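# Close look at the chain arrangement
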Amino acid sequence: MSLIESLKQADAGEVKKEFIDLVESYLQPSYGSMSKRDFEILLFMKLQNLYAVDENPDLYQLIKDLKISRTRARNLLYEAKMRTSKEVELDKELIQLLENPIFLKDGDKVAIEIQNPFLTDHFRFKLKSLGYITDGSFSAELVKLHYSAYIALVDLMVSREAKQETVELLVNEGIMEDTSFKGVFAEIVKKIGSKIANKAGEKAADEAWKYLSPIISGGIDGAKNILLELFKKDEE
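Before going into details, it helps to say that this report is about the structure given with it. (Residues numbered from 1 in each chain as written. Predicted model: local features only at pLDDT ≥ 70, side-chain atom pairs only at ≥ 80, totals over all residues. Heavy atoms only, no water.)

## A look at the layout of surface pockets
Counted only if it meets this: A cavity here means a set of 1 Å grid points, computed over protein atoms only, where a 1.4 Å probe fits but cannot escape. A pocket is an open set with protein on both sides within 12 Å along at least 5 of 7 lines, and lining residues have an atom within 4 Å of a point. Grid points are joined across faces, edges and corners, and a volume is the space filled by probe spheres set on the points. Under the scheme used here, helices are H or I runs from DSSP no shorter than 4 residues and strands are E runs no shorter than 2 residues, and both carry numbers assigned from the N terminus. The residue classification treats Ala, Val, Leu, Ile, Met, Phe, Trp, Tyr, Cys and Pro as nonpolar and Asp, Glu, Lys and Arg as charged. All others, Gly included, are polar.
If you add up the space inside the second largest pocket, you get close to 240 Å³. If you trace the second largest pocket, you find 14 residues lining it, with Met45, Gln48, Asn49, Glu55 and Thr84 closest to the centre. Of all the secondary-structure elements, those providing two or more residues to the lining of the second largest pocket are α3 (36–49) and α5 (70–84). By residue number, the principal contributor to the lining of the second largest pocket is α3, which donates five residues. Across the lining of the second largest pocket, the residue classes tally to five nonpolar, five polar and four charged.

This is the structure in structure tokens:
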């Protein structure tokens, strides 16, 4: 659906509310004093409020819908996210991204696809605080990192309860001897990497998500058999 069609289908009351707010902001402190850049960012945020543009849109889709360059699209995403997001919200988005790494054929690396450049900065800031750096040389939207950096970031972001449940499950089943989450999760990541090494694209991503999401999201209770299956196949 096009941006204009989305606006036509939006609730009339919401459109009126956002338009009035847009005009009120434009009149501060006087008509025409707002810079073109700030007006474009404000209008973009109103389009997001009306769901004509997704909160976290695909970059190419945004370029196509707004008919702008990649650089301008990235700048809009950066400014809008910076002005509207709190750290707790960025952390929630980061956790979701960690559930969906792309296992690379390098053998000891994963990549995280991040469409929003402000979220990329948040991601890199978290890693830097842990003493790691990332590789974004291949693509601005695809951030590559070693298993060790990925494991450390998951250890930082995942709740204590989720970490404890994961360790207890695998230690009690006699699969793991290490009782630290980082040690247990490192073995899980290595096992997933070797399991999906010869799979490609969406199939590999789905396979990795199946094992990682319950751990990272804290929903391991409903997926214990899936995680045990990852290791028990080797024992048969």
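## Describing the pattern of salt bridges
Put simply, the rule reads: We define a salt bridge as a side-chain nitrogen of Lys or Arg found within 4 Å of a carboxyl oxygen belonging to Asp or Glu. With a 1.4 Å probe rolled over the protein chains alone, any residue whose accessible area is under 20% of its type maximum counts as buried; one over 50% counts as exposed, and the rest are partly exposed.
With the rule as written, the count across this model stands at 20 salt bridges. Of the charged contacts, one joins lysine 81 and glutamate 93 as a salt bridge, the two residues approaching to 2.7 Å between their closest N and O atoms. Residue lysine 81 is located in helix α5, and its partner glutamate 93 is located in helix α6 (residues 87–98); the two are separated by 12 residues in the primary sequence. Between glutamate 207 and lysine 210 there is a salt bridge whose closest N-O contact spans 3.9 Å. Linking glutamate 207 with lysine 210, this pair stays in helix α11 (residues 201–217), spanning three residues, or about one helical turn. Look at glutamate 207 and you get buried, because its relative accessible area is 13%. Bridged by salt links that share partners, the residues Lys17, Glu18, Asp21 and Lys46 form one connected network.

## Quick word on the environment of methionine 82
Relative to the helices and strands, methionine 82 resides in helix α5. We classify methionine 82 as partly exposed; its relative accessible area is 38%. A C-alpha to C-alpha distance of 29 Å links methionine 82 and phenylalanine 103, two positions 21 residues apart in sequence.

## Digging into helix α4 (residues 59–66)
We count it as follows: As used here, the arc is the angular range of directions from the helix axis to the C-beta atoms. Residues are treated as being in contact if the distance between any of their heavy atoms lies within 4.5 Å. Definition of a polar contact: a pair of N or O atoms within 3.5 Å, with one able to donate and the other able to accept a hydrogen when the atoms are protein atoms, and with sequence-neighbouring residues admitted only if both atoms are side-chain atoms.
Every buried residue belonging to α4 is among Leu59, Leu62 and Ile63, and all of these are buried. When α4 is viewed along its axis, its buried side chains cluster within an angular range of 100 degrees and face the same direction. Buried residues belonging to α4 abut α3 and α5. The backbone nitrogen of tyrosine 60 has a side-chain oxygen 3.1 Å away, supplied by the residue at the start of α4, namely aspartate 58. Directly beyond the C-terminal end of α4, a positive phi value near 60 degrees is found at lysine 67.

## Let's talk about a nonpolar patch on the surface
Selection criterion: Note that patches include only residues with greater than 30% relative accessible area and no salt bridge, and the join distances are 9 Å for like charges and 5 Å for nonpolar side chains (Val, Leu, Ile, Met, Phe, Trp, Tyr). Note that accessible areas follow from Shrake-Rupley with a 1.4 Å probe, and for residues the cover is restricted to the protein chains shown.
Nonpolar side chains collect at one region of the surface, where Phe19, Ile20, Val23, Leu27 and Tyr31 lie side by side and expose about 510 Å² of accessible area between them. On the secondary structure map, tyrosine 31 appears in the loop between α2 (12–26) and α3.

## Focus: unusual backbone geometry
In most cases, non-glycine residues show a negative phi, while peptide bonds are predominantly trans. Note the cis peptide between glutamine 28 and proline 29, where omega equals -10 degrees. Position of proline 29 among the secondary structure elements: in the loop between α2 and α3. Even without glycine at this site, tyrosine 51 takes up a positive phi of about 65 degrees. Considering the arrangement of structural elements, one finds tyrosine 51 in the loop between α3 and α4. On the basis of relative accessibility, which here comes to 70%, the residue tyrosine 51 falls in the exposed class. Not every positive phi belongs to a glycine, and lysine 67 is a case in point at roughly 60 degrees. Note that lysine 67 resides in the loop between α4 and α5.

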